[in-house]
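# A look at the structure
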Amino acid sequence: MALSTHVPDLAALELLLGVAQEGSLNSAARAAGVSQQAVSARIRAMEAQTGVTLVHRSPRGSRLTAEGVMIAEWAARLLEAAAEVDAGIAALRADRRARLRVSASLTIAEQLLPGWLASFRAAGRVGDTAPEIVLTAINTAMVITHVTEGTADIGFTEGPRRSAGLHGRVVGHDRLAVVVAPGHPWAGRRRPVGAAELAATPLVSRGSGSGTWDTLAAALAAVLGPGAQASPAQWLPTSAGVRAAALAGSAPAIISELAVEDDLTTGRLIRVQTPELDLRRTLRVIWDGATSPPSGVARDLIAHILTHRDQRRGSRQTRRPAQ
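What this report covers is the structure whose coordinates are included nearby. (Residues numbered from 1 in each chain as written. Predicted model: local features only at pLDDT ≥ 70, side-chain atom pairs only at ≥ 80, totals over all residues. Heavy atoms only, no water.)

## Focus on the pairing of strand β11 (residues 280-287)
Of all 8 residues that make up β11, 7 are buried, and the element is covered over most of its length. Where strand β5 (residues 154-158) lies against β11, 4 bridges are found, and the strand directions are antiparallel. Bridging from a neighbouring strand, F156 pairs with V285 of β11. Examined bridge by bridge, strand β6 (residues 167-180) and β11 share 8 bridges and lie antiparallel to one another. Across the sheet, residue R169 finds its bridge partner in β11, namely V285. (Buried < 20%, exposed > 50% of the residue type's maximum accessible area, 1.4 Å probe, protein only. Helix = DSSP H or I, 4+ residues; strand = E, 2+ residues; numbered from the N terminus. Pairing = 2+ DSSP bridges.)

As structure tokens, then:
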């Protein structure tokens, strides 16, 4: 319901209530720490706004009229409610400083966030109370749902899936790899696996709605057109499960490089070359509301991650040999 233009603002009503409580304009001015002239001018402005005489002025002093007393009583109830709102907002702001709800896709939750959160806590100022960070690991589609519905303050996603109603920043990049156990027929072949052959092969993968599956589907569609992908050999809920299935040799697996980096180095898994496919993907932090990140712990954490990302990028460029 829209209020009429005759309703004074809270500061003006608070001043009127002060006059009622102190008994005079002069006493109300002293209590408010302003001049009597300022109080008198504000009362006259309220009278003009409301169309009601609020103060009876005489050589012996000033006092509220019957209408002024009535409006002051209403103002007291309104200001009490406003004080409750103010206290509630303060509590919400304090909660935002003390607690952060994060939803993250599995690769980021398993491979990156533990390090980010550890360094974020280590960077905290001495004496500060460490914020409580509640992490939920789910697929990218559900991360977007959590942030949109407000059950997460921020989310971390991977792959091409986006939501037009959310804002975000790029926090990193990743690449998927097709991997097999050393005993798989693809492990020893010299020629790469083409897009058509890969599309026809049932793979072990994260499920539908995950950044992994979305990235693979987009890469195959870019070469072969939509709908070219075979049904998976297995859909598993975590990257750890996909890795275990690949190590067991059940079928080729599509998985983040981050999750199998050590396995590829030691030879426990073999990377299959797929030069026709662009399996790079972007890692993002997302939030709802304003274009800038939410204030409090969320903004501090995002700033910390972006700073470390830029430092790592600069370090890699420094180590790069001269051409």
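That was the structure; now back to the text.
## Some remarks on the side chain of D214
Structurally, D214 can be placed in helix α8 (residues 211-224). D214 has contacts with P160, R161 and G209, leaving out every residue within four places of it along the chain. (Contact = heavy atoms within 4.5 Å.)

## Looking at helix α2 (residues 25-32)
For α2, the set of buried residues is L25, S27, A28 and A29. Taken together, the buried residues of α2 touch α1 (10-22), α3 (36-50), β1 (55-58) and β2 (61-64). Looking one or two residues past α2, G33 carries a phi angle of roughly 75°, positive in sign.

## Some words on a nonpolar patch on the surface
Residues M1, L3 and V7 make up a contiguous nonpolar surface patch of roughly 400 Å² in combined accessible area. Take L3: it is sitting in the segment before α1. Overall, the relative accessible area of 60% leaves L3 in the exposed class. (Patch = residues over 30% accessible without salt bridge, like charges linked within 9 Å, V, L, I, M, F, W, Y side chains within 5 Å. Areas by Shrake-Rupley, 256 points an atom, 1.4 Å probe, with all protein chains shown as cover. Salt bridge = Lys/Arg side-chain N within 4 Å of Asp/Glu carboxyl O.)

## Things to note about the environment of A76
Note on placement: A76 falls in helix α4 (residues 66-98). Note: C-alpha distance between A76 and L16 (60 residues apart in sequence) is 9.6 Å.

## Details of helix α5 (residues 106-122)
With 17 residues, α5 should reach 24 Å at 1.5 Å per residue; the first-to-last C-alpha distance of 24 Å fits that figure. Approximately 50° is the largest bend angle found in α5, and it occurs at L112, with the proline P114 only one to four residues beyond. The complete set of buried residues in α5 reads L106, T107, I108, A109, L112, L113, W116, L117 and F120. (Expected span 1.5 Å × (residues − 1). Bend = angle between axes of the 7 residues up to and from the residue.)

## A closer look at the packing of helix α9 (residues 239-248) against helix α10 (residues 257-266)
Two elements in contact, α9 and α10, have axes whose closest approach is 10 Å; the angle formed by their N-to-C orientations is 30°. In terms of orientation, α9 and α10 fall into the roughly parallel class. Crossing handedness for the pair α9 and α10: right-handed. Of α10, the residues touching α9 (which contributes S239, R243 and L247) are A259, V260 and D263. (Axes fitted to C-alpha atoms, helices over the stretch in contact; angles between N-to-C directions. Parallel < 35°, antiparallel > 145°, perpendicular 65-115°, else oblique. Left-handed = near helix turned anticlockwise from the far one by under 90°.)

## Observations regarding the pattern of salt bridges
Under the counting rule described, the total for this entry stands at 13 salt bridges. A salt bridge links R161 to D214, with the shortest nitrogen-to-oxygen separation between them at 2.8 Å. Of the two residues, R161 is situated in the loop between β5 and β6 and D214 in helix α8; the sequence distance between them amounts to 53 residues. Residue D214 is classed as buried on the basis of its relative accessible area of 14%. Where R281 meets D174, a salt bridge forms, and the shortest distance between an N and an O atom there is 2.9 Å. Placement of R281 in strand β11 and of D174 in strand β6 is noted, with a sequence separation of 107 residues between them. D174 carries the same exposure label as R281, and that label is buried. Counted as one network, the salt bridges with shared partners bring together E158, D174 and R281.

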